[in-house]
Amino acid sequence: MRTQIFLASTLYGNATLAAALDSDCFRPADRRILLVCNNAATPETTPGFDEAPGFERLRERFDDVLSWNETISPFHPGGWTPRLDDVPLWERHLRLLWNLGDDEVELVVESIQVNPALGVCQIFTGAPVTVYADGLMSYGPTRNKIDPLVGTRVDRLLHLDLVPGLTPLLLTEFGVEPEIVPTDAFVKVLAELGDTADELPPLPDEPALLLGQYLSALDILTAEEEEELHVRMLKGVVQLGHTRVVFKPHPSAPARWSRALEQEAEKLGAELTVLDTPVLAEVLYQRLRPVLVVGCFSTALLTASALYGLPVARIGTSTLLDRLTPYENSNRVPVTIVDALVPELTDKAAVTEQREGMAVTVLNELVRAVGYAMQPKIYPNLRPAAEAYLTRRLNGHSWRYFKRKRLTSLALPGAVPAQLAFIPRNATVRRVARRARLLKRGVSR
């Protein structure tokens, strides 16, 4: 008997799994379990995606639906991991609890670098693992070093073709091959969810659609700064001549944001609708056919452009590239991709013409250079590619994707002026610098 366990935490991720199943991306199985996880800060008060409109359409692909939150209660899915000595006990417990018996288990998980995916993979020690990615993070490096006992069991990475021609970096340190979930299958699954729009309040036809992300929850912006970012989105679309506007806030966003937008809309004479009903942005694309989709670095910007052919615009990416800390923050590559490809909202000509951004060949080079700068110990093989990019393409615009301090610490091109480029690699200079630091410490004592 073969049982496949699919771990999902979002409706979007569940739709990705449904499309992969419809496309026969998985081997036949005797039983398929959807393991639902609610990663909200307070899952006790935040409904899971299995309660969202449209879930029942996706649920039909699975034999059983189980809750990871209930399984490990009262622990939080993002903070709990099994102790090494307890792993055999946990596997025995789950096999009894989920009626797995002696079944051969296969795991399909997202975000394997962190819990809950990491914990589930550690419990089923011998199970082969497929990782699926529904967002832009799949194009970036693995955010931290993964235990080889887990990483070497990953046989492939399933991902959506959000940036045609761009190759994912995720898990390549283990030789994992990326595999695209067919775009047509994914769009077809999303079309199944179109009926969920019937539960929405009356909405204007062909509005400008603003996407909120709640970046203050990630400590990237303050609540006030993110509120101002949404106001800038509104001002930007109004300046482009769009007076019918729909704002889709993040489900966890505080209500005061919507009130601030409503006040600004009154000043600008815009017809603003704040959508507080949980629904996928892609459902809105089908229902509203917005004339423009605006966001910061949401994956939904790329699905709008790549899957639905809708005009898109970004705002705030320059601030985020500067604010993201540490440099290896896993949001850096998604922000970089959106900044490089999507026109800036304040550039009227670029937005109107939907001017193409960076060529995908150059974007591949950029992502590998940024990926190496983020995780040099995990991807030492990318150093030559990073050096080549920085030597040939580092200019006033591309500097926004790097930090001089980071380049200096890695002795990469651009860290110091060209005439002093020999210094970081000069053994004598480094030895003198070390002695100077030791003397300084001795004096301070």
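Treat the numbers as computed from the prediction; the structure is a model and nothing was measured.

Novice: Whenever I open this one, the overall build of the protein confuses me. Can you help?
Specialist: When you go through the protein residue by residue, the secondary structure sums to 18 helices and 12 strands. By the compact-globule yardstick of 22 Å for 445 residues, the protein fits well, its C-alpha radius of gyration being 24 Å. For the protein, the spread of C-alpha atoms along the three principal axes comes to 65 × 65 × 45 Å. Among the 445 residues that make up the protein, the fraction classed as buried is 53%. For the protein, the share of sequence-separated contacts (at least 6 apart) that also reach a separation of at least 24 residues comes to 72%. On the protein, roughly 20600 Å² of surface is accessible, and the fraction owed to carbon and sulfur atoms is 51%.

Novice: Would you explain the sheet that holds strand β6 (residues 154–160) in this entry?
Specialist: In any sheet, the strands associate via hydrogen bonds between backbone groups, in a parallel or an antiparallel arrangement. Strand order in the open sheet formed by seven strands is β3-β2-β1-β4-β5-β6-β7, with parallel pairing between adjacent strands. Each having just a single partner strand, β3 (64–67) and β7 (177–181) make up the two edges of the open sheet. Across the sheet, the mean angle from the axis of one strand to that of its neighbour is 25 degrees, orientation sign disregarded. Pairing between strand β1 (residues 2–8) and strand β4 (residues 104–109): five bridges, direction parallel. Bridging across to β4, isoleucine 5 finds its partner in leucine 107.

Novice: Where do I start with the sheet that holds strand β12 (residues 312–314) in this structure?
Specialist: Spatially, five strands are ordered β10-β9-β8-β11-β12 in an open sheet, and the strand pairing comes out parallel. Looking at strand neighbours, the two that pair on one side only are β10 (271–274) and β12, the edges of this open sheet. The sheet shows a mean angle of 20 degrees between the axes of neighbouring strands, taken without regard to direction. As defined by bridge partners, strand β11 (residues 292–295) adjoins β12 across three bridges and the pair is classed as parallel. Its bridge partner being in β12, valine 293 is matched across the sheet by valine 312.

Novice: What is the right way to read the packing of helix α1 (residues 11–22) against helix α7 (residues 183–192) from this model?
Specialist: Helix packing for two helices is described by the angle between their axes and how far apart those axes are. Where α1 meets α7, the closest approach of the two axes is 8 Å, and the angle between their N-to-C directions is 125 degrees. It follows from the interaxial angle that α1 and α7 lie oblique. Seen from above, α1 lies across α7 with right-handed handedness. Residue-level inspection shows Tyr12, Ala15, Thr16, Ala18, Ala19 and Asp22 of α1 in contact with α7, the latter providing Ala185, Phe186, Val189 and Leu190. The class makeup of the residues in the contact of α1 with α7 is eight nonpolar, one polar and one charged.

Novice: Please clarify how the packing of aromatic side chains should be interpreted in this entry.
Specialist: Note on aromatic pairs: each is described by the distance of the centres and the angle between the planes. Counting across every chain of the model gives 11 aromatic pairs. Ring geometry for tryptophan 98 and phenylalanine 124: centres 6.4 Å apart, planes at 20 degrees, overall stacked. On the criterion of sequence distance, the pair formed by tryptophan 98 in the loop between α4 (87–97) and β4 and phenylalanine 124 in the loop between α5 (117–123) and β5 (129–133) is long-range, its members being 26 residues apart. Each member of the pair, tryptophan 98 as well as phenylalanine 124, carries the same accessibility label: buried. Grouping aromatic residues by their ring pairs yields a cluster made of Trp68, Phe75, Trp80, Trp90, Trp98 and Phe124.

Novice: Honestly, the packing of helix α15 (residues 360–374) against helix α16 (residues 383–393) in this entry has me stumped. Any pointers?
Specialist: Packing of α15 against α16 leaves a shortest axis separation of 8 Å and a crossing angle of 120 degrees. Crossing geometry of α15 relative to α16 is assigned as left-handed. For the pair formed by α15 and α16, the contact residues are Val362, Glu365, Leu366, Ala369 and Tyr372 on the first element and Arg383, Ala386, Tyr389, Arg392 and Arg393 on the second. Considered class by class, the residues forming the contact of α15 with α16 number six nonpolar, no polar and four charged.

Novice: What exactly am I supposed to notice about α15 here?
Specialist: In an α-helix, one turn spans 3.6 residues, which is why side chains three or four residues apart end up on the same side. When the terminal C-alpha atoms of α15 are compared, their 20 Å separation across 15 residues agrees well with the 21 Å that a helix rising 1.5 Å per residue should span. Along α15, the residues classified as buried are Val362, Leu363, Asn364, Leu366, Val367, Arg368, Ala369, Val370, Gly371, Tyr372, Ala373 and Met374. Looking at the buried positions of α15, the neighbouring elements they touch are α13 (332–341), α16 and α17 (404–409).

Conventions adopted
- Residues numbered from 1 in each chain as written.
- Predicted model: local features only at pLDDT ≥ 70, side-chain atom pairs only at ≥ 80, totals over all residues.
- Heavy atoms only, no water.
- Helix = DSSP H or I, 4+ residues; strand = E, 2+ residues; numbered from the N terminus.
- Rg over C-alpha atoms; globule rule 2.2 N^0.38 Å.
- Buried < 20%, exposed > 50% of the residue type's maximum accessible area, 1.4 Å probe, protein only.
- Contact = heavy atoms within 4.5 Å.
- Areas by Shrake-Rupley, 256 points an atom, 1.4 Å probe, with all protein chains shown as cover.
- Pairing = 2+ DSSP bridges.
- Axes fitted to C-alpha atoms, helices over the stretch in contact; angles between N-to-C directions.
- Parallel < 35°, antiparallel > 145°, perpendicular 65-115°, else oblique.
- Left-handed = near helix turned anticlockwise from the far one by under 90°.
- Nonpolar A, V, L, I, M, F, W, Y, C, P; charged D, E, K, R; others polar.
- Phe/Tyr/Trp six-rings, centres within 6.5 Å; stacked < 30°, edge-to-face > 60°.
- Expected span 1.5 Å × (residues − 1).

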